[in-house]
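Descriptive structure summary
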Amino acid sequence: MAESVNESVASIESTLNSVERALERLRVGAYRQCQVCGRAIEEAELVANPVLANCPQHPELS
Ligand SMILES: [Zn+2]
């Protein structure tokens, strides 16, 4: 039981980190840019995943 709660907490913290990184990118004006190549991320992809930080060529880095 305790272990599944820990997993839930880890999942929430991971999501929170993703959101905080997305907010930071919004602040610096880099929200739509791939973190690897700087290319603009498609709007449809951001709609599907608002915290997406990378283009399809550069899968999400943790
Ligand atoms: Zn890229």
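Scroll up for the structure.
Let me sum up the structure you'll find in this document. Sequence order as written defines residue numbering, which begins from 1 separately in each chain. Local features are withheld for residues below a pLDDT of 70 in this predicted model, meaning they are given only at 70 or higher, and side-chain atom pairs are given and counted only at 80 or more; totals for whole chains, interfaces and linings count all residues.

1. A few points about the overall build of the protein chain
Let me state the cut-off plainly: Numbering goes from the N terminus for both helices and strands, where a helix is a DSSP run of H or I of at least four residues and a strand is a run of E of at least two. Computation of the radius of gyration draws on C-alpha atoms alone. For the globule rule, the value is 2.2 Å times the number of residues to the power 0.38. Partly exposed residues are those falling between the two cut-offs: more than 12 but fewer than 20 other C-beta atoms within 10 Å of their own, whereas 20 or more means buried and 12 or fewer means exposed, with C-beta atoms placed from the backbone. Once C-beta atoms are placed from the backbone, any two residues with those atoms within 7 Å are in contact.
Scanning the protein chain from N- to C-terminus turns up two helices and zero strands. By the compact-globule yardstick of 11 Å for 62 residues, the protein chain is too spread out, its C-alpha radius of gyration being 14 Å. Its C-alpha atoms give the protein chain principal-axis dimensions of about 45 × 25 × 20 Å. The proportion of buried residues among the 62 residues of the protein chain is 2%. Relative to all contacts within the protein chain whose residues are 6 or more apart in sequence, the contacts with residues 24 or more apart total 24%.

2. Structural notes on the environment of V51
Within the fold, V51 resides in the segment after helix 2 (43-48). Sequence separation between V51 and V28 is 23 residues; the distance between their C-alpha atoms is 15 Å. Other than its neighbours up to four places away in sequence, V51 contacts S18, V19 and A22.

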